[in-house]
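Fold and geometry: a report
Each chain is listed here by its residues.
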Amino acid sequence: MRILTLILCLLLLLVFHVMVIARIVRRFIKVPCPHQFVRLIENPVRRVLFGPEKVLNRAGILPGMRILELGPGGGFLTVEVANIVGEQGIVCCIDIQPEMIKTLRKKAKKLGLEERILEVVGDASYLPYPDRSFDIAYMVAVLGEIPEQRRAIREIWRMLKNGGTLSITEILPDPDYSLPRTVRRLCEGMGFKHVSTRGNLFCYTSNFIKGD
Ligand SMILES: C[S@@+](CC[C@H](N)C(=O)[O-])C[C@H]1O[C@@H](n2cnc3c(N)ncnc32)[C@H](O)[C@@H]1O
């Protein structure tokens, strides 16, 4: 029992150190989370602790809505969103890595959701969608990876309908994790109104509304 506890403590210490080093490195080098990490990101522990249902409940997604997901990765949350919006809704996804989009496309096809999930390779700071075309835009563990964050938030403002929601979720131990107050400052600075922050420091979701 003692040895097990010791191994667990050592493992936690190792994870902590890796995260600190990764965080320092990523302050200087901003690159997207490597697509080879998809399996690591979609691990069972995450599914139990911060699963899609928990996170999406906070975002207020409803049947029939038009949703935009920024940085979907392999689609850990996308499939669930597609199920919630149903046949009348749509989930548009934009990810900067073609490999992530390929994985997501494969998953959508396998589940027969390819008509509801529309993926595109692109940068969240240069959105290829018309003005006021979405009810909700959300991103999970993505904001810190975007080099032009202010531009991305401005773009989201442009393509959200009036009264639309921007929902940002941050999760530890993501090395690009941003604190709630940092996210709030950024979004309010771009004109969004803060509505709520739910969860805890390990996994929180902040919702913002686009006013007139
Ligand atoms: C840590 S992963 C999170 C994936 C997914 N949201 C999840 O929670 O499982 C971050 C994702 O954001 C994407 N990404 C990073 N920078 C981006 C940008 N500027 N525009 C669009 N996607 C970006 C990465 O390619 C990657 O798929």
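Look above for the structure.
Below, the structure is looked at part by part. (Residues numbered from 1 in each chain as written. Predicted model: local features only at pLDDT ≥ 70, side-chain atom pairs only at ≥ 80, totals over all residues. Heavy atoms only, no water.)

**Considerations on the site of the ligand**
For the record, the criterion: Nearness here has a simple test: a residue counts as near a molecule or strand if at least one of its heavy atoms is within 4 Å of that partner. Nitrogen and oxygen atoms within 3.5 Å of one another constitute a polar contact, given that in protein one can donate a hydrogen and the other can accept it, and given that sequence-neighbouring residues count only through two side-chain atoms. Three classes are used: nonpolar for Ala, Val, Leu, Ile, Met, Phe, Trp, Tyr, Cys and Pro, charged for Asp, Glu, Lys and Arg, and polar for all others, with Gly counted as polar.
Around the ligand there are 22 residues in total, and Arg-46, Gly-71, Asp-95, Gln-97 and Val-140 lie nearest to it. Residue Gly-71 places a main-chain N or O atom 2.8 Å away from a nitrogen atom belonging to the ligand. Asp-123 has a polar side-chain atom sitting 3.0 Å from a nitrogen atom of the ligand. Residues of the shell around the ligand, tallied by class, amount to 14 nonpolar, four polar and four charged.

**As for the packing of aromatic side chains**
To keep things clear, this is the line we draw: Stacked, edge-to-face and tilted are the three classes for Phe, Tyr and Trp ring pairs, Trp counted by its six-membered ring, which pair at centre distances within 6.5 Å; planes under 30 degrees apart are stacked, over 60 edge-to-face, the rest tilted. Whether a residue is buried, partly exposed or exposed follows from its accessible area with a 1.4 Å probe, protein chains only, as a fraction of its type maximum: under 20%, in between, or over 50%, in that order. Secondary structure follows DSSP: runs of H or I at least 4 residues long count as helices, runs of E at least 2 residues long count as strands, and numbering of each begins at the N terminus.
Applying the stated rule across the entire model yields three aromatic pairs. Measuring from centroid to centroid gives 5.2 Å for Tyr-129 and Phe-134, while their planes differ by 90 degrees, and the two rings are edge-to-face. Of the residues examined, Phe-134 reaches a relative accessible area of 0% and is grouped as buried. Each ring, one from Trp-157 and one from Phe-192, has its centre 5.1 Å from the other, and the planes form 80 degrees; the classification is edge-to-face. A residue pair is termed long-range when its members are at least 10 positions apart, and Trp-157 in helix α7 (residues 149-159) and Phe-192 in the loop between α8 (180-189) and β6 (193-200) qualify at 35 residues. Using a relative accessible area of 23% as the deciding quantity, one classes Trp-157 as partly exposed. The class for Phe-192 is buried, based on a relative accessible area of 3%.

**Quick look at the pattern of salt bridges**
Two side chains that carry opposite charge are able to pair once their charged atoms sit near each other. Counted only if it meets this: Whenever Lys or Arg places a side-chain nitrogen within 4 Å of a carboxyl oxygen from Asp or Glu, that contact is recorded as a salt bridge.
For the structure on display, the rule yields six salt bridges. Here Asp-135 makes a salt bridge to Lys-161, at a shortest N to O gap of 3.1 Å. Of the two residues, Asp-135 is situated in strand β4 (residues 134-140) and Lys-161 in strand β5 (residues 160-171); the sequence distance between them amounts to 26 residues. A salt bridge links Glu-188 to Arg-184, with the nearest nitrogen and oxygen atoms 3.0 Å apart. Taken together, the positions of Glu-188 and Arg-184, both in helix α8 and four residues apart, correspond to about one turn of that helix. Judged by its relative accessible area of 36%, Arg-184 falls in the partly exposed class. The network of salt bridges with shared partners includes Asp-131, Glu-155 and Arg-158.

**As for the sheet that holds strand β7 (residues 203-209)**
Convention followed: Note on pairing: DSSP must find at least two bridges between two strands before they are called paired. The axes are straight lines fitted to the C-alpha atoms, using for helices just the contacting stretch, and the angles between their N-to-C directions are given from 0 to 180°. What makes two residues a contact is simply this: any of their non-hydrogen atoms within 4.5 Å.
The seven strands are arranged β3-β2-β1-β4-β5-β7-β6 in an open sheet whose pairing can be described as mixed. The sheet terminates laterally at β3 (117-121) and β6, the two strands that pair on one side only. Neighbour-to-neighbour, the strand axes of the sheet open up by a mean angle of 15 degrees, direction not taken into account. Inspection of the sheet shows β4 paired to β5 by six bridges, in the parallel sense. The partner of Tyr-138 across the bridge, within β5, is Ser-167. Each of β2 (90-95) and β3 is contacted by helix α6 (residues 98-110), which is oriented at about 165 degrees to β3, the strand it contacts most.

**As for the nonpolar core**
Cut-off, in case you're wondering: Buried residues of nine kinds, namely Ala, Val, Leu, Ile, Met, Phe, Trp, Tyr and Cys, make up a nonpolar core once their side-chain atoms join them within 4.5 Å.
Within the largest apolar cluster, 28 residues are counted, with the highest numbers of intra-cluster contacts made by Leu-68, Leu-70, Met-139, Ile-153, Ile-156, Met-159 and Leu-166. Sorting the residues of this core by element identifies β1 (66-70), β2, β4, α7, β5, α8 and β7 as the ones contributing at least two each. Looking at which element gives the most residues to this core, the answer is α7, with four residues. Apart from the residues within four sequence positions on either side, Leu-68 is in contact with Cys-92, Ile-94, Leu-127, Tyr-129, Phe-134, Ile-136, Ala-137, Tyr-138 and Met-159. Within the second largest apolar cluster, 24 residues are counted, among which are Ala-82, Val-91, Ile-136 and Val-140.

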